[in-house]
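Each chain, written out:
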Amino acid sequence: MPPDSRLPCNFIWLHLITVYRNQRRNYGPHLHTTVCILSMSMQNESKTRSPLLLLLVLAALLINSPLAVSQADASPEQELLQLANQARAAQDLPPLKWDSALAHAAKVHLEWVLRNPGQLLHQYPGEPDLTTRGANAGAHFGTIAENIGAHGENPPALQQIWMTTPTHRANLLDPKLDLVGIAVVEQQGFLYAVEDFAHNAPVLTTEAVERQIEKLLLEKGFPPAESNEDARKTCAMPEGQYGVPRLVIRWDGSDISKLPDAVVQQLDRRRYSSAAVAACPSKQSNQQFTTYHIVVLFY
């Protein structure tokens, strides 16, 4: 038995609750007059220039505009994705990747929007909430957010609505969000659209999660213990610990790219020299998020 094995064991159980955006603000219809303004400009020019010259100028503009050509052939969903990534590129942010599961979740909610004309809501009476819709569609995420737009004349008009609304703009330019699924429907000459964003949280095996946490702890100066068996038995226990560790830390989380701040604060190389890691099914009641239950025993 190690000399310090009879020292009291400290327990820390972190409650890391995943946060998601689900704004319940209502937005009324927005009408844009871009086409009308362009038409007025064309009429003014026609008074002083020949129609043939005007057509040649417009043709040249279209030929020299790759965006116009590419968007003319794109679906409304693809065009909104392009516009979103252009806005992110302007802020030096990585592009959003298309996710078919999120697109299905967006389509399901858009059907609710069309069945309930009037206010735009993120959840209608009798409808599952945003996280449940994403999970039911098969998406895996640590964070989820949503934009809704209506009465847009075209995709650029919808994008303009979102970019001039603080909460929508924040979703589009959130560096932590890396996936998007979009659904668009035309009704009575206007476009209605839903964008569902997420931070990807792939489903990993328990062994892969353990290796990742071990790597992070090693970078902090805590090599793996001789065995993970005590940690794995502890992970399966609702409380307490197996064996004689000096410190036990538990947490539920979806992001295993870094250690939680509360864990880092407990890392004391003067008191602990090694760590045993275990991962098991999450004990969080909200299982719409991809989460992992992690236990670390320090010796």
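1. Concerning the overall build of the chain
Argument step 1. Scanning the chain from N- to C-terminus turns up 11 helices and 8 strands.
Argument step 2. By residue count, 43% of the 299 residues in the chain fall in the buried class.
Argument step 3. Pairs at least 24 residues apart make up 73% of the contacts formed inside the chain by residues separated by at least 6 positions.
Argument step 4. Looking at the chain as shown, the accessible area adds up to about 16,300 Å², and 57% of this sits on carbon and sulfur atoms.

2. What to know about the side chain of His293
Argument step 1. Within the secondary structure, His293 sits in strand S8 (residues 292-298).
Argument step 2. Of the polar contacts made by the side chain of His293, one reaches the side chain of Asp252; its length is 3.3 Å.

3. Details of helix H7 (residues 155-163)
Argument step 1. Among the 9 residues of H7, 7 are classified as buried, and the element is accordingly described as predominantly covered.
Argument step 2. Within the sequence span of H7, burial applies to Pro155, Ala157, Leu158, Gln159, Ile161, Trp162 and Met163.
Argument step 3. Buried residues belonging to H7 abut helix H4 (76-90), strand S3 (141-152), helix H8 (166-172) and strand S5 (190-200).
Argument step 4. The N-cap of H7, judged by a side-chain oxygen 2.8 Å from the amide nitrogen of Ala157 a few residues on, is Asn154.

4. Considering helix H5 (residues 100-115)
Two residues of an α-helix separated by three or four positions point the same way, owing to the 3.6 residues in each turn.
Argument step 1. Taking 1.5 Å as the rise per residue, H5 with 16 residues should run 22 Å; its terminal C-alpha atoms sit 23 Å apart, in good agreement.
Argument step 2. If you check which residues of H5 are buried, you get Ala101, Leu102, Ala103, Ala105, Ala106, His109, Leu110, Trp112 and Val113.
Argument step 3. Against the buried residues of H5 lie strand S2 (97-98), helix H6 (130-136), S3, strand S4 (179-187) and S5.
Argument step 4. For H5, the N-terminal capping position is held by Asp99, with its side-chain oxygen 3.1 Å away from the main-chain nitrogen of Ala101.

5. As for the state of the cysteines
Argument step 1. Tallied over the entire structure, the rule returns 1 disulfide.
Argument step 2. In this model Cys235 forms its disulfide with Cys280; the gap between the sulfur atoms is 2.0 Å. A torsion of -85° about the S-S bond marks the disulfide between Cys235 and Cys280 as left-handed. In this pair, Cys235 sits in helix H10 (residues 229-235) while Cys280 sits in strand S7 (residues 275-281), placing the two residues 45 residues apart along the sequence.

6. Regarding the pattern of salt bridges
Argument step 1. Evaluation of the coordinates by the stated rule reveals 5 salt bridges.
Argument step 2. Between Asp268 and Arg270 there is a salt bridge, with its nearest N and O atoms 3.2 Å apart.
Argument step 3. Among the residues examined, Asp268 registers a relative accessible area of 17% and is labelled buried.

7. A short note on the packing of aromatic side chains
Argument step 1. Under the criterion given, the structure shown has 2 aromatic pairs.
Argument step 2. Seen from their ring centres, Tyr272 and Phe298 are 5.6 Å apart, and the 40° between their planes marks the pair as tilted. Residue Tyr272 is located in the loop between helix H11 (261-264) and S7, and its partner Phe298 is located in strand S8; the two are separated by 26 residues in the primary sequence.
Argument step 3. Taking relative accessible area as the criterion, Tyr272 reaches 5% and is therefore assigned buried.
Argument step 4. Members of the aromatic cluster, connected to one another through ring pairs, are Phe222, Tyr272 and Phe298.
Argument step 5. Across the ring face of Trp112, the terminal group of Arg115 is positioned such that the distance to the ring centre comes to 4.8 Å.

8. Some remarks on the sheet that holds S3
Argument step 1. Pairing is mixed across the open sheet formed by 4 strands, whose spatial order is S2-S4-S5-S3. Whereas interior strands pair on both sides, the edge strands pair on one side only; in this sheet they are S2 and S3.
Argument step 2. As paired strands, S3 and S5 are joined by 9 bridges and run antiparallel to one another. From the neighbouring strand, Gly149 faces S5, where its bridge partner is Ala193.
Argument step 3. In the packing of H5 onto the sheet, the strands contacted are S2, S3, S4 and S5, and the crossing angle to S4 comes to about 35°.

9. Looking at the nonpolar core
Argument step 1. Membership of the largest hydrophobic core comes to 21 residues, with the highest contact counts inside it found for Leu80, Leu158 and Phe197.
Argument step 2. Breaking this core down by element, the ones donating at least two residues are H4, H7, S4 and S5.
Argument step 3. Sorting elements by how many residues they give to this core places H4 first, with 5 residues.
Argument step 4. The residues contacting Leu158, other than those within four sequence positions of it, are Leu80, Gly149, Ala150, Gly152, Leu191 and Ala193.
Argument step 5. Residues Leu216, Leu259, Leu267 and Ala275 belong to the second largest nonpolar core, which totals 20 residues.

10. Some points on the environment of Ser282
Argument step 1. With respect to the helices and strands, Ser282 occurs in the loop between S7 and S8.
Argument step 2. Classification of Ser282 as buried rests on a relative accessible area of 14%.
Argument step 3. When the C-alpha atoms of Ser282 and Cys235 are compared, they prove to be 9.8 Å apart, with 47 residues separating the residues in sequence.

Calculation notes
- Numbers given for residues are sequential positions, taken from 1 along each chain in its written order.
- Only residues with pLDDT of 70 or above have their local features reported here, since the model is predicted, and side-chain atom pairs are shown and tallied only from 80 upward, although totals for entire chains, interfaces and linings are computed over all residues.
- Only heavy atoms go into the side-chain values, all of them from the structure, while hydrogens and water stay out.
- Secondary structure elements are defined from DSSP: runs of H or I of at least 4 residues count as helices, runs of E of at least 2 residues count as strands, and each element is numbered from the N terminus.
- Think of it in three bands: residues with accessible area under 20% of the maximum for their type are buried, residues over 50% are exposed, and the middle band is partly exposed, with areas taken using a 1.4 Å probe on protein chains only.
- Working rule for contacts: check all heavy atoms of both residues, and any pair within 4.5 Å makes them a contact.
- Using a 1.4 Å probe, accessible areas were evaluated by the Shrake-Rupley method; residue-level cover was limited to the displayed protein chains.
- In protein, a polar contact requires one atom able to donate a hydrogen and another able to accept it; more generally it is a pair of N or O atoms within 3.5 Å, and residues adjacent in sequence count only if both atoms are side-chain atoms.
- Given the number of residues in a helix, its expected span is that number minus one, multiplied by 1.5 Å.
- Throughout, disulfides are identified as pairs of cysteine sulfur atoms within 2.5 Å of each other.
- Salt-bridge detection follows one rule: a side-chain nitrogen of Lys or Arg within 4 Å of a carboxyl oxygen of Asp or Glu.
- Here the aromatic set is Phe, Tyr and Trp, taking the six-membered ring for Trp, and pairing holds for ring centres within 6.5 Å; pairs whose planes are under 30 degrees apart are stacked, those over 60 apart are edge-to-face, and all others are tilted.
- Definition used: whenever NZ (Lys) or CZ (Arg) falls within 6 Å of the ring centre and also within 35 degrees of the ring normal, the charge is taken to sit over that ring.
- A pair of strands is treated as paired once DSSP finds two or more bridges between them.
- The angle between two axes is taken between their N-to-C directions and runs from 0 to 180 degrees, where each axis is a line fitted to C-alpha atoms and a helix contributes only its stretch in contact.
- Definition used in this section: a nonpolar core is a set of buried Ala, Val, Leu, Ile, Met, Phe, Trp, Tyr and Cys residues joined via side-chain atoms within 4.5 Å.

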